[in-house]
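An overview of the molecular structure
Listed here are the chains, written in short residue letters.
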Amino acid sequence: MNPLPDAASSSVGTGQGPAPVTVIGLGAMGSALAAALLERGHPTTVWNRSAEKAAPLVERGARPAATAGAAIAASPLVIACVLDQTALDTVLADASGSLAGKTLVNLTSGSPEQARATAAWAGSRGADYLDGAIMTTPPGVGDPRMMILFSGPRAVFEAHRPALSAFGDPLYLGADPGLASLFDAALLGLMWSTMTGWLHGTALVGAEAAPATDFTAVAIRWLSAVTGFLSTYAPQVDAGHYPGDDATVDVQIAAIGHLIHASEASGVDTALPELLRATMERASARGHGRDSYASLIEVLRKPEGGA
Ligand code: FVH
């Protein structure tokens, strides 16, 4: 439990050169993480349940460990990226004796509750703990434009920031270890909503033979306007005050009727716009018809109504 000093470019562990790191779990993502560390010159120890997955990394200079415990013992910083919490618990239970004095960074997807429980468990074994979420797919690992979210003690994050930067742009969210998982879930929800809206629009214009690529060029420009709306509405949400001086909920209820009509006319599925209209109508019914779209947060926060 000894956070090592901050180091902007040097490394934690040796005091000179990139720090030694262990990667546990060599699926698609774990292999990409290990490759990024090797690329940056980190002495990298790897372990995977199915040992053969280590071979391509060993060819690139990684050191294979015979057991998870030996892998953890090899480096001060241990990155775990396995399928799920059950897999993580299995691996850590077998190797818990090696954890004292290490920093465990868990990049396995999970819930905030699981992150907090794993942080407490690691602490009870004398290890520091950071939870993380990788906001890209394996080909994006190592790209400094990609966000990697972290939560846990700030000093631990700062101590290991140089090594964690090998994966992308490390973004610290706060001391609660559950924050990375919470933001991850919320951001994935945003991604799925956005991509489904885009696909719905693509189906609609595609019904008139417009290619997806034509629609997408326009859609991407529109998304930059939409990010402006988010910046306008976020302070409204924080203030609980939604002045409808740009476009009211009632105006948008009328507008989405056109989308639903056009979808029906083209034989395109209407479930998504119907869901959106229903949410707008609930906000309007609760007195937000003249407010901005941001007032829908009241319905999302209290689906059953109430103060
Ligand atoms: N791939 C992605 O794009 C996403 C991006 C965002 C974050 N996720 C999360 O990363 C975790 C790992 O995902 P992955 O894509 O690497 O998954 P796989 O390629 O299927 O590899 C799974 C690894 O987990 C090992 N494993 C599974 N069960 C166990 C177990 N009981 N004991 C020990 N290890 C286990 C598996 O080992 P093996 O099957 O090769 O022996 C792989 O190493 C995941 O949480 C994503 O949500 C990726």
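Only a predicted model underlies this, so the values are computations on that prediction, with no experimental measurement involved.

Here we take up the pairing of strand β5 (residues 103-106). Judged by which residues are buried, β5 turns out to be covered on both faces: T103 and V105 on one side and L104 and N106 on the other are all buried. One ladder, built from four bridges, connects strand β4 (residues 77-80) with β5; its direction is parallel. Looking across to β5, one finds that V78 is bridged to L104. For the crossover from β4 across helix α4 (residues 85-95) to β5, the handedness is right-handed. In this view, the connection linking β5 to its parallel neighbour strand β6 (residues 128-134) by way of helix α5 (residues 112-124) has right-handed handedness.

All right, on to the sheet that holds strand β3 (residues 63-64) then. Spatial ordering of the open sheet is given by β3-β2-β1-β4-β5-β6-β7-β8, a layout of eight strands whose pairing is mixed. Looking at which strands have only one partner, the edges of the open sheet turn out to be β3 and β8 (169-174). Relative to β8, helix α6 (residues 154-164) is tilted by about 170°, and along the sheet it contacts β1 (21-24), β4, β5, β6, β7 (147-151) and β8.

What follows deals with the site of the ligand. Taken together, 21 residues lie around the ligand, and M29, N48, S50, K53 and S109 are the ones closest in. In this structure, A28 approaches the ligand through a main-chain N or O atom, which is 2.9 Å from an oxygen atom. Interatomic distance of 2.6 Å between a side-chain N/O atom of N48 and an oxygen atom of the ligand. Here the ligand loses 74% of its free accessible area of 900 Å² to cover by the protein chains.

All right, on to the pairing of β8 then. Pairing geometry for β7 and β8, over five bridges, is parallel. Paired with F150 across the strands is Y172, a residue of β8. As for the winding sense of the linkage, the β-α-β connection from β7 through α6 to β8 is right-handed.

Reading guide: rules and limits
Residues numbered from 1 in each chain as written. Predicted model: local features only at pLDDT ≥ 70, side-chain atom pairs only at ≥ 80, totals over all residues. Heavy atoms only, no water. Buried < 20%, exposed > 50% of the residue type's maximum accessible area, 1.4 Å probe, protein only. Helix = DSSP H or I, 4+ residues; strand = E, 2+ residues; numbered from the N terminus. Pairing = 2+ DSSP bridges. Right-handed = clockwise from strand over helix to strand, strands pointing away. Contact = heavy atoms within 4.5 Å. Axes fitted to C-alpha atoms, helices over the stretch in contact; angles between N-to-C directions. Near = heavy atom within 4 Å. Polar contact = N/O pair within 3.5 Å; in protein donor to acceptor, adjacent residues only side chain to side chain. Areas by Shrake-Rupley, 256 points an atom, 1.4 Å probe, with all protein chains shown as cover.

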